[in-house]
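The residues making up each chain are set out below.
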Amino acid sequence: MEIAIIGGGPAGALAADILARAGRHVTLYHDDARPEKPCGGGIPWRGLRQAPFLLDASLERKVVSRLLLIAPSGARAEIALDEPVHVFSRRALDAFLRRRAVAAGARLVPRHVGRIEPAPGGRLALTDAAGERRLFHRVAGADGADSLVRRTFLGRRPPRALSQALGWYVRGRTDHRLIIRFESGLQGYQWSFPRPDHLAVGICAPLGRGPAADLWRRCARFLGELPDGLGDDPSRHVRYAALIPAPILDRRGRVVVEGDGWALLGDAAGAVDPLTREGIHYALETAALWTRSILEPADGSYAARFAAAFPRELLWAAARAPRFFDPAFTERVVHYADSSAAIRSVMSDLVAGRQPYATLKRRLLKCALPLSLSLVARRLTGRRAAAHMVRRRGAA
């Protein structure tokens, strides 16, 4: 069986690695023209558990164990992360994964694929940028939000299922924290992720939420307000922009991730958290699910495995995004996180991937209720003390 994977990022490279190690004939297509991937590059505990080889000491990363949350009002809460986030240069991370795949026996073709067509015998024909045409029994698209595989078999991803992200690489600066700032009217957030030799500073919001010029203005302001003078004149830094996908339901309420001879992995499948827009650990998981469906077909199709693993969590988050990013909610979260060790523990587990969204509200309420009662009691005590002082002065 000849297998092709288009896209040599985390999903595609890991899938090629797994299949090649199992003795399958794999061709990995990857056009390495882009110098750096426009995203934070953070992998939480959940993703590192999925791919422990990423702890390889030769792979440079920034290990970050603190998170600074900033509310729309400017209020702040700093959280110690029980499980640090490992932040990589995406160029270095992706190259590391491709080297593993090639060492395992995958064939790397450093070219863009321009066309996919049906071929005799139920196979698919891929034509690359050099005009080379090859036939494959299976093709996986790990080629991002604007996936050629998805466009070929399902059509373009609609704008409603996309977010836009943009920002700057701040060269020569780094930090010891992840910084997340919430803003009113954004339904997204701003971030500063410290990579080994630069900061990735950016902003994200649903596509069409507002003009890109407004996002650039907001992000420039955020850059200039970064703590400890980390940001300065935006004109000195390298700009980036990208589209971030979200899962799409068909008429039967399913996320379609495969068809006859083809499959979608990572961003191409819309396997991205609709709230955080984090997708690397989802990419790694889709690679594992798809390759298992090939190596262990009796245990279920890729579509069945994907449906069991993701959609409930991703669609739950997508449906609640407007409420999650409501300024009143984010203000409360930051306020409570600043006041309560229990709330900080919840947020730490959420970042690590140990806290599922489905039970997040219940756990937050459970932690917040004692804090609310304590704050009320404190206010009442303060009022009683003030009233007592007034009476004493009146008596005097």
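Residues numbered from 1 in each chain as written. Predicted model: local features only at pLDDT ≥ 70, side-chain atom pairs only at ≥ 80, totals over all residues. Heavy atoms only, no water.

Quick look at the overall build of the chain
Per the secondary structure count, the chain includes 11 helices and 17 strands. Evaluated residue by residue, the chain yields a buried proportion of 50% over its 396 residues. Pairs at least 24 apart in sequence give 69% of the contacts found in the chain among residues at least 6 apart. With the model as given, the accessible surface of the chain reaches about 18,200 Å², and the carbon-plus-sulfur share is 53%. (Helix = DSSP H or I, 4+ residues; strand = E, 2+ residues; numbered from the N terminus. Buried < 20%, exposed > 50% of the residue type's maximum accessible area, 1.4 Å probe, protein only. Contact = heavy atoms within 4.5 Å. Areas by Shrake-Rupley, 256 points an atom, 1.4 Å probe, with all protein chains shown as cover.)

Considerations on the packing of aromatic side chains
When we look at a pair of aromatic rings, we describe it by the centre distance and by the angle of the planes. One pass over the full model with this rule turns up 12 aromatic pairs. A ring pair is formed by Tyr 29 and Phe 136, whose centres lie 6.3 Å apart and whose planes are at 80°; its orientation type is edge-to-face. Separated by 107 residues along the polypeptide, Tyr 29 in strand S2 (residues 25–29) and Phe 136 in strand S9 (residues 133–136) bring together distant segments of the chain. Note on Phe 136: relative accessible area 0%, which makes it buried. A centroid spacing of 5.9 Å and a plane angle of 10° characterise the contact between Trp 316 and Tyr 357, whose relative ring orientation is stacked. Of this pair, Trp 316 sits in helix H8 (residues 311–324) while Tyr 357 sits in the loop between helix H10 (341–352) and helix H11 (360–395), and the two are 41 residues apart along the sequence. We classify Tyr 357 as buried; its relative accessible area is 6%. Grouped by ring-pair contacts, the aromatic residues Phe 182, Phe 324, Phe 325 and Phe 329 constitute a single cluster. Just above the ring of Phe 53 sits the side chain of Arg 100; from NZ or CZ to the centre is 3.9 Å. Its guanidinium or amino end placed over the ring of Trp 45, Arg 354 lies 5.4 Å from that ring's centre, counting from NZ or CZ. (Phe/Tyr/Trp six-rings, centres within 6.5 Å; stacked < 30°, edge-to-face > 60°. Lys NZ or Arg CZ within 6 Å of the ring centre and 35° of its normal.)

Regarding the pairing of S2
Burial analysis of S2 places four of its five residues in the buried class, the great majority of the element. Here strand S1 (residues 2–6) pairs with S2 via five bridges, running parallel. Considered in S2, the bridge of Ile 5 is made with Leu 28. Pairing geometry for S2 and strand S6 (residues 107–109), over three bridges, is parallel. (Pairing = 2+ DSSP bridges.)

Thoughts on the sheet that holds strand S10 (residues 138–141)
Taken in spatial order, the six strands make up an open sheet running S6-S2-S1-S10-S17-S16, and their pairing is mixed. This sheet does not close on itself; its edge strands, each paired only once, are S6 and strand S16 (258–259). Across four bridges, S1 lies against S10 in parallel orientation. Counterpart to Ile 5 in the pairing with S10 is Ala 140. Across the sheet, helix H6 (residues 280–295) lies against S1, S10 and strand S17 (262–264), angled at about 170° from S1, the strand it touches most. (Axes fitted to C-alpha atoms, helices over the stretch in contact; angles between N-to-C directions.)

So, the environment of Gly 122
Take Gly 122: it is sitting in the loop between strand S7 (113–119) and strand S8 (123–128). Each C-alpha atom of the pair Gly 122 and Leu 135 lies 9.9 Å from the other, and the pair is 13 residues apart in sequence.

Re the sheet that holds S9
Spatial ordering of the open sheet is given by S7-S8-S9, a layout of three strands whose pairing is antiparallel. Pairing within the sheet leaves two strands with one partner each, and these edge strands are S7 and S9. For this sheet, the mean angle separating the axes of adjacent strands, direction not counted, is 25°. Bridge count for S7 against S8 is six bridges, and the pairing is antiparallel. Directly across from Ile 116, in S8, lies its bridge partner Leu 126.

Here's the deal with unusual backbone geometry
Phi at Gln 187 takes a positive value of approximately 50°, unusual for a residue other than glycine. On the secondary structure map, Gln 187 appears in the loop between strand S12 (178–182) and strand S13 (189–194). By relative accessible area, Gln 187 is classed as buried at 18%. Here the phi dihedral of Arg 277 falls at roughly 65°; this positive angle occurs in a residue that is not glycine. When you line up the elements, Arg 277 lands in the loop between S17 and H6. Residue class for Arg 277 comes out buried when judged on its relative accessible area of 12%.

That is the geometry; function is a separate question.
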